[in-house]
Amino acid sequence: MLAWTIYLSFAGALLQALLPKGKAELARWLALGFAVAGLALAVAGFAAGMGQGRTVIVDLPWVPSMGIHFLLAADGISRVLVLLTGLAAVAGVLFSWNIELRTNEFFAFFLALIGGVYGVFLSFDLFLLFVFYEIAIVPKYFLISIWGSTRREYAAMKLALYSFAGSAMVLIGLLAAYATSGSHSTGLIALAQAGLPVSFQMWCFPLVFTGFAILAGMWPFHTWAPTGHVAAPTAASMLLAGVVMKLGAYGCLRVGIALFPRGLDPWGFSFIGLGSWRDVFALLAVIGIVYGALVALAQTDFKFVIGYSSVSHMGFVLLGLMTLNQIGMTGAVLQMFSHGVIAGLLFAIVGRIVYERTHTRQLAELETMHLSKRLPFAAWAFVIAGMASMGLPGFSGFVAELQVLVGAWKVNPWWVIAAGVGIVVGIAYTWRALQKAFFSDAPPSPHLNEPGHELAAITWPEVTGVVLLTGASLVVGLYPRILLDTIEPAVKALLAGGGQ
Amino acid sequence: MNYWDLFHATLPVTALEIAALVVLIVDLGLLRRASLKVRVTTAALLGVAGCGAALWGLTLSAGQSIGVNFELPLLAESGGTVAAQAGILILTALTLLLLIDSVFTRHVGEYVSVVLMAASGGLIVAAAQDLLVIFIGLELLSLGLYILTAFAKSSGKSAEAALKYYLFGGMSAAFLLFGFSYFYGLTGSTNLKQIQWSMTASGASPMFYVAWILVVAGLGFKVAAVPFHLWAPDTYEGAPAPAAAFIASVSKVASFALLLTISMNWFVQSGPITGQRGVVTAALRQYYATWPPLATILLVVAAASMIVGNLAALAQVSVRRLLAYSAIAHAGYILLGIAAHPVYQGQGRLIEWAEGNIGPAYLSANAVLYYVLTYGLTTIGAFGVVAVVERATGSDRMDAFLGLHKRNPVLAGVLLVLFLSLAGIPSLVGFWAKFNLFAAVLGASAGAAPFALVALAVALSAVSLYYYLQVLKRAYVMPAVDETPIKAHPVTLAVLVLIAAAVVGLGCFPALLQGWIAGCYPVG
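On a predicted model such as this, the values are computed, not experimentally measured, just so you know.

Participant: Explain the overall build of chain A to me, and be specific about the residues and the numbers.
Facilitator: Assigned secondary structure in chain A consists of 21 helices and 4 strands. The C-alpha atoms of chain A give a radius of gyration of 22 Å, which matches the 23 Å a tight globule of 500 residues would have. Counting only C-alpha atoms and orienting by the principal axes, one finds that chain A spans roughly 75 × 55 × 40 Å. Relative to its 500 residues, chain A shows a buried fraction of 63%. Of all intrachain contacts in chain A linking residues separated by at least 6 positions in sequence, the fraction that spans at least 24 positions is 80%.

Quick look at the structure:
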């Protein structure tokens, strides 16, 4: 059933590409139809998969001479992330309702990207996963460079080259793993059980992990993320932050850690306090958390604040992965979901609801606009999203980050102390943005009440999108078991080295 | 050997030559007063029919060898040869179909018959097992290419390109022949197998290095490998588009098939160097144990081609020159696959590793053929798009592609698919070509050197995305200066869409073409 999320998205993309020009309304409804169908399938698949382990959906020989299978399967981690993708897709369509330029092409690229993302989360064959991973790169380039804003061509090319460089590293690692294992299967489970030599894992793990982590926004390879997020059209920034960065983190988990578990073993010597790749990547993750938060605090562009906050929040995911214990990694997966929803919401408010009406993202200019009075819906939506982003109890971010921190404390308390600084700064930058953009008492701009400066009313797609994403974060925050029950067994199985 | 056997084994070549003559007779005799349009269409269709007949002949002659001695054939229709020849014929037919829309010459009959003769030279090259036959085939192919390059008589660029191509080509043919003469002098034979046996029996002398380098210089020119690549950008830029497409595809397939034949015969480990003394030979002897000399030379050339091709392509503003440098880069990847030919190792692991009938020796040959054939297909399509744009805008510069998605959405879609395939994006056929090749290289020879080269190749193909995106950016992203629609001949458009569909289809089902190529090899 879940496999149809992939097929439907690609079919939708093809249909949109063939649609005649000038049928913008039709293109929108079609896109919404495909996105909602994907979400419905994802929800159904999630519900059907509760309490089950890994289930194989499709298994067909694809390239028999190399043992590559078209192997789609789902475990708890996949199901949660597919659900996230469905949510992000529907919200993305809703928040791009006002796109008038080449509408059908926009949704063609959008759905192709979504199809690739679904594919990555459901692939259990090494190379199939890689194929879907690369399919997701190209649409991003066009989405940003055609429909984007600030320095869009630069940002799009930067993003494409970073992604492609990352996937080149991954490909080298995967080819080497394939040649080394001598196994006739490229299934992730089979390869994990084949047991690659430890010395090989030691150098292949950092290669593959870094390759994937580039897309997860790991410091210092994060620089594509803020520029890309800012330049992208709203729906694309929502997808970038919401699901594409998760692709990287998912690859780190599903391929990096699952395939090369011994790559995380201690080196046997210690260099400036770092004794293994695990220490190295945990350090980078913590730096990302703190650095992203500090840089977000200094931004003058509203969207850059959110862009850097993504780097900070993704740091928690990577830190959670490096704990290598049940609670930390469960937290990492939950954080992927949580950040996907919350970042999507924040980008939607900043990029669509506010920017499309005020035509500025400069906090200094927004200060003079008194948006809390003129756009109360946006203000309150941002208050809620901001609270979720800060990690206040009751929202999904709280549960996720708490688990990551508890997991990390068990390994190395210093990581937690440093990450705690990141959380405190996180509260500060969210507060600052909230106050400046919405609740400022600066003297109002003299043009405010002139004719032609009224702000357009909030439309139904915006309300629906905000309700959808806020609801998802609240439900998971108030009743985290709904996802945790699915994630935990999958993480346990992954840690145990098998896939069952 | 009697004449019937000869005829039987050379059916495809014969069919092409007959078609070439028929085209000439029809065009110069029957259609003297007909309009150019009718003549172009007739000539191209006759040429395509000739290719079809040759394909049919290929099915009849498959498995045949000719020569005085069955063990030492002159031509062998076996294994990868059949795949390469079928590829040559199909690609030739496609380039002929692209001719229908062209206006660069009034002498269409001559053009088509030269194409067919050059293609028959390609067929001979792909099947040749003897140095002299190789040389004759190569010259038949090359002379055709020189003429084709110069065919746009009203264009100064065309003449310049042809002269450069001809002078470089003549020089490299001399190198090749000189190298061949060394082999004859050292072994007393012109047959590839016989030479191999002599090398194995006598032990290789360092003189072979000289001979190998000369041969690689000659063949490196044909495949446009660095440092013998200088002709490629000028020729690709100056030649009429269908001719450039022919040079970039058919000639490449034939030359790489020849390199495969040579490497399959000569990579066999020929024992330690004997008889000589001195520092150089001692060093050589030590090295010789790990890498066969020809492979070493090819690896150096491959690495240089990948680096120079990809980096030089970054700076191009002419799309034809960009395609030329990208062709150089692709030649580098392919040479890597040839150099890593695992004949000399033949571990049991590989046999297990590759399911089906493909033995270890054929694994990388299979990947190389897959790469060359799909690359040829893609590059013909790319030249087809360039030709249409060039006719409408009068330029092949990148800025001529501005707003292509508005001016002709189908053409822009084809360009998108083909360029992404050249960049190696899945799930297009270009990805699988690279993937198979790199997997074969790593599977054939473990160790740091092949791994480093594959890593270099993968990293450089990430670089290549940049220049392909530069063209696509103009077609899709940047605002159009001129929004008048670009019209393309329906046949051209149909061919281009067909090529794009094949690139997507073969990419989604990579096992189809692989299975077909593997099926050409003898079982066991």
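Don't stop here, the text continues.
Participant: Account for the interface of chain A and chain B, naming residues and giving values.
Facilitator: Between chain A and chain B, the contact holds 29 residues from the first and 30 residues from the second. At the level of elements, β1 (55-63), α5 (126-135), α6 (137-147) and α7 (152-181) of chain A are the ones that each hand at least two residues to the side of chain A that touches chain B. At 13 residues, the largest contribution of residues to the side of chain A that touches chain B is made by α7 of chain A.

Participant: How would you summarise helix α19 (residues 413-437) of chain A if you had to cite specific residues and measurements?
Facilitator: All names here are of chain A. When the terminal C-alpha atoms of α19 are compared, their 36 Å separation across 25 residues agrees well with the 36 Å that a helix rising 1.5 Å per residue should span. Along α19, the residues classified as buried are W415, A419, G422, I423, V425, G426, Y429, T430, A433, L434 and A437. In this structure, the buried side of α19 is in contact with α12 (277-297), α13 (302-323), α15 (363-367), α16 (371-374), α17 (376-390) and α18 (396-411).

Participant: Give a description of the nonpolar core that names residues and reports values.
Facilitator: By size, the foremost hydrophobic cluster in this structure holds 411 residues, and its most contacted members are L175, A216, L318, L319 and I349 of chain A together with V368 and L415 of chain B. Per-element accounting of this core gives the leading share, 18 residues, to helix α16 (residues 360-393) of chain B.

Participant: I'd love a proper account of the packing of helix α13 (residues 293-314) of chain B against helix α20 (residues 448-476) of chain B, names of residues and values included.
Facilitator: Residue and element names in this part refer to chain B. Packing of α13 against α20 leaves a shortest axis separation of 9 Å and a crossing angle of 20°. Between α13 and α20, the interaxial angle falls into the category roughly parallel. For α13 against α20, the interelement crossing comes out left-handed. Contacts between α13 and α20 involve L299, A303, M306, I307, N310, A313 and L314 on the former and, on the latter, L453, L456, A457, L460, V463, S464, Y466 and Y467. Broken down by class, the residue content of the contact of α13 with α20 amounts to 13 nonpolar, 2 polar and no charged.

Participant: Can you lay out helix α20 (residues 460-478) of chain A for me, pointing to particular residues and giving the numbers?
Facilitator: Residue and element names in this part refer to chain A. Its 19 residues give α20 an end-to-end C-alpha distance of 26 Å, which sits within 8% of 27 Å, the value for a rise of 1.5 Å per residue. Those residues of α20 not exposed but buried are E462, G465, V466, L469, A472, S473, V476 and G477. Projected down its long axis, α20 shows its buried positions confined to an angular sector of 130°, all on one face. Turned more than 90 degrees off the buried face of α20, the exposed positions are W460, V467 and G471. Buried residues in α20 make contact with α3 (76-95), α14 (326-358), α17, α18 and α21 (481-495).

Participant: Explain the environment of I100 of chain B residue by residue, including any values.
Facilitator: The residue I100 of chain B is located in the loop between α4 (80-99) and α5 (108-127) in this model. For the pair I100 of chain B and P490 of chain B, spaced 390 residues apart in the sequence, the C-alpha separation amounts to 9.9 Å.

Participant: How would you sum up the pairing of β1 of chain A? Please name residues and give values.
Facilitator: All names here are of chain A. When β1 meets strand β2 (residues 68-74), the two strands line up antiparallel, connected through 7 bridges. Across the sheet, residue V58 finds its bridge partner in β2, namely L72. Where β1 hands over to β2, the hairpin turn is made up of 4 residues, of which G67 adopts a positive phi near 75°.

Participant: Describe the environment of T85 of chain A, with residues and values.
Facilitator: All names here are of chain A. By secondary structure assignment, the location of T85 is in helix α3. Judged by the 30 C-beta atoms lying within 10 Å of it, T85 falls in the buried class. When the C-alpha atoms of T85 and F337 are compared, they prove to be 9.1 Å apart, with 252 residues separating the residues in sequence.

So, how was this worked out
- Residues numbered from 1 in each chain as written.
- Chains lettered and ligands numbered in written order.
- Predicted model: local features only at pLDDT ≥ 70, side-chain atom pairs only at ≥ 80, totals over all residues.
- Helix = DSSP H or I, 4+ residues; strand = E, 2+ residues; numbered from the N terminus.
- Rg over C-alpha atoms; globule rule 2.2 N^0.38 Å.
- Buried ≥ 20, exposed ≤ 12 C-beta atoms within 10 Å, placed from the backbone.
- Contact = placed C-beta atoms within 7 Å.
- Expected span 1.5 Å × (residues − 1).
- Core = buried A, V, L, I, M, F, W, Y, C linked by C-beta atoms within 7 Å.
- Axes fitted to C-alpha atoms, helices over the stretch in contact; angles between N-to-C directions.
- Parallel < 35°, antiparallel > 145°, perpendicular 65-115°, else oblique.
- Left-handed = near helix turned anticlockwise from the far one by under 90°.
- Nonpolar A, V, L, I, M, F, W, Y, C, P; charged D, E, K, R; others polar.
- Arc of directions from axis to C-beta.
- Pairing = 2+ DSSP bridges.

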